[in-house]
Amino acid sequence: MEQIKKKLIERALAKAEVIKKLRTDFGSVVIGEVTIGHVLSGMKGIVSLFTCTSKLDPEEGIRFRGYSIPELQNLLPKISPEDEPLPEGLFYLMLMDELPTMDDVMYIQNEWIRRSNVPKHVFDVIDALPPETHPMNQFVAGIIAMTGSSRFVKAYDAGVNKKDYWDATYEEVMDLIARIPRVASYVYRHAYHNDHQIEPDPDLDWSGNLAHMMGYDNEEVRRLMRLYLFLHADHEGGNVSAHTTHLVGSALSSPYQSYAAGMLGLAGPLHGLASQEVIKWIFDMIEELGTDNPSKEQIADYVRKTLSEGRVVPGYGHAVLRKTDPRYVAQREFALKYMPEDKLFQIVSNIYEVVPPILGTIGKIQNPWPNVDAHSGVLLLHYGIKEFEFYTVFFAVSRALGVLAQLVWDRICGLPIERPKSQNAAWFIQKAGLDSPVKF
Ligand code: HAX
């Protein structure tokens, strides 16, 4: 068994035993109270999932295996001191629960290069789709087209013992992550560059290769890619993409299937598609106002108009966070460093000043502050990646790191099929003691 797997399972088995003990010996310990409000407002706040890769604090934001974003910007290996952390290192941290050395990062990077070959029929599937098909749909089609090479399905069909599910899952997860940049960039070139594809460069890191295969060979774009793919990798277990990947995986669907399902959730406008919606909303505003230098008053009027039309202001609000998203802050710092004069960045900065006070006056909105999606698009645009419908694909590439590291842990811990109970309206009405004017 290769070294990383040996090390993983040696440490993980002891932890998995503790999780099993919690289930068997402490299963009756009460950890919360579920109300009708919880169920009918999207189950927010119910602790009902086990995730070990990261944890989200409403005030502080995300911590990956205990480390905040600024801490990891110092602690994770980088190509050079002024660069951004290599996402390979974040994956190692989430999987192994220890900070990687540069050697560890290089091991992961070389493994992903070794496994990165994508079967030709996957490209045929993407080619068969009209180029105007939304890039997220093309991307997921490409992922699903790879299920034929599922190592998990092969092992399951061969009758593998359930205690070894994690092994085939790990192998498939490593294949999948290795192949993802090739599929994503293929979609990009299919959708926007007349199918002129660019071969991978084996000397580049995972993020650098994505930029390269898309057609961007500038070192600053690579740096942005590293930041982007680091920041979007995980946001604990309850968000739609992570929860869906876990849920589908709990039926022992393959990692390809589980990840594809999760990414269809990411493709919704209240989740990862918000990154494209933000740019669309800004461009619509510029067009409607007839200026690319709108004043704060003009922006405020446009925000009020958006709200009066019963629409959301994209990039603002969050189901858990109650402060400015540290992922927004990290991207803002990047912009201040590399593109402070950028016109759209200045609009984004003005929106940041204008939107929270307006949303804050609407009592029902729990969090008026910007989330990760409020900033990502403007960085991509600055470097010429103007096809904003593609932005969620970047998010999907990054999100693979967290949800798939967690899937390996789900299998190590032997988590069972997920199956919460639902009830009909009559049950809730009876529980509430409500005298309903209509019969259910
Ligand atoms: N603009 C207008 N209204 C908003 C709003 C916003 N940015 N954020 C919340 N609201 C509204 C909700 O639509 C809801 O209205 P109703 O009661 O009429 O349904 C009300 O305020 C209460 O919502 P909430 O409890 O504060 O927020 P939720 O947990 O229900 O929703 C969302 C969280 C992120 C979906 C929400 O804030 C939103 O729609 N934001 C805009 C879209 C967005 O940026 N999504 C990306 C989120 C981050 C992410 O997952 N990235 O991938």
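Residues numbered from 1 in each chain as written. Predicted model: local features only at pLDDT ≥ 70, side-chain atom pairs only at ≥ 80, totals over all residues. Heavy atoms only, no water.

K.L.:
Mind laying out the pairing of strand E2 (residues 61-64), listing which residues take part and the relevant values?
P.N.:
Bridge analysis of strand E1 (residues 54-57) against E2 gives four bridges, and the strand direction is antiparallel. When the sheet's bridge partners are listed, lysine 55 is paired in E2 with arginine 63. Where E1 folds back on E2, the antiparallel hairpin that results is connected by three residues. Note that E2 and strand E3 (residues 67-68) share two bridges and pair antiparallel. From the neighbouring strand, phenylalanine 64 faces E3, where its bridge partner is tyrosine 67. What sits between the antiparallel neighbours E2 and E3 is a turn of two residues, in which arginine 65 has the positive phi angle 45°. (Pairing = 2+ DSSP bridges. Helix = DSSP H or I, 4+ residues; strand = E, 2+ residues; numbered from the N terminus.)

K.L.:
Any chance you could break down the pattern of salt bridges for me, citing the residues and the numbers?
P.N.:
Side chains that differ in sign of charge can pair as their charged atoms come close. If you walk through the whole model with that rule in mind, you get 35 salt bridges. Note that aspartate 83 and arginine 226 form a salt bridge whose closest N and O atoms lie 2.9 Å from each other. Of this pair, aspartate 83 sits in the loop between helix H3 (69-75) and helix H4 (87-96) while arginine 226 sits in helix H11 (residues 219-231); the two residues are 143 residues apart in sequence, bridging distant segments of the chain. Residue aspartate 83 shares its accessibility class with arginine 226, and that shared class is buried. Glutamate 111 is the salt-bridge partner of arginine 115, the closest N and O atoms lying 3.0 Å from each other. Glutamate 111 matches arginine 115 in its accessibility class, with the two residues each being buried. Among the charged side chains, a salt-bridge network with shared partners connects Glu2, Lys5, Glu111, Arg114, Arg115, Arg151, Asp167, Glu171 and Asp175. (Salt bridge = Lys/Arg side-chain N within 4 Å of Asp/Glu carboxyl O. Buried < 20%, exposed > 50% of the residue type's maximum accessible area, 1.4 Å probe, protein only.)

K.L.:
Lay out the side chain of glutamine 73 with the relevant residues and their values.
P.N.:
Within the secondary structure, glutamine 73 is located in helix H3. Given the relative accessible area of 17%, glutamine 73 is considered buried. A distance of 3.3 Å separates a polar atom in the side chain of glutamine 73 from a polar atom in the side chain of glutamate 84. Apart from the residues lying within four places of it in its own chain, the contact partners of glutamine 73 are Lys78, Glu84, Pro85, Leu227, Phe230 and Ala330. (Polar contact = N/O pair within 3.5 Å; in protein donor to acceptor, adjacent residues only side chain to side chain. Contact = heavy atoms within 4.5 Å.)

K.L.:
I'd like a rundown of the environment of asparagine 367, residues and numbers included.
P.N.:
If you trace the backbone, asparagine 367 turns up in the loop between helix H17 (343-360) and helix H18 (373-382). The sequence separation of asparagine 367 and proline 356 amounts to eleven residues, and the corresponding C-alpha distance is 8.4 Å. When residues no more than four places from it in sequence are discounted, the contact partners of asparagine 367 are Gly317, His318, Leu321, Arg322 and Lys323. One polar contact links the side chain of asparagine 367 to the main-chain amide nitrogen of tryptophan 369, over a distance of 3.3 Å.

K.L.:
Run through the site of the ligand, naming residues and quoting values.
P.N.:
What surrounds the ligand is a group of 21 residues, the closest being Gly315, Tyr316, Lys364, Gln366 and Asp373. For the ligand, an oxygen atom lies 2.8 Å from a polar atom in the backbone of glutamine 366. For the ligand, the protein covers 74% of the area, taking 900 Å² as the surface of the free molecule. Among the residues forming the shell around the ligand, the class breakdown is eleven nonpolar, seven polar and three charged. (Near = heavy atom within 4 Å. Areas by Shrake-Rupley, 256 points an atom, 1.4 Å probe, with all protein chains shown as cover. Nonpolar A, V, L, I, M, F, W, Y, C, P; charged D, E, K, R; others polar.)

K.L.:
Lay out the layout of surface pockets with the relevant residues and their values.
P.N.:
If you add up the space inside the second largest pocket, you get close to 430 Å³. Lining the second largest pocket we find 22 residues, and of these Lys162, Lys163, Tyr165, Arg411 and Gly414 sit closest to its centre. Secondary structure elements with two or more residues in the lining of the second largest pocket: helix H1 (3-25), helix H9 (165-192), helix H12 (240-250) and helix H19 (391-412). Tallied by class, the residues present in the lining of the second largest pocket amount to twelve nonpolar, four polar and six charged. (1 Å grid on protein atoms, 1.4 Å probe; cavity = no way out; pocket = protein on both sides within 12 Å on 5 of 7 lines; lining within 4 Å. Points joined across faces, edges and corners; volume = space filled by probe spheres on them.)

Geometry only, nothing functional implied.
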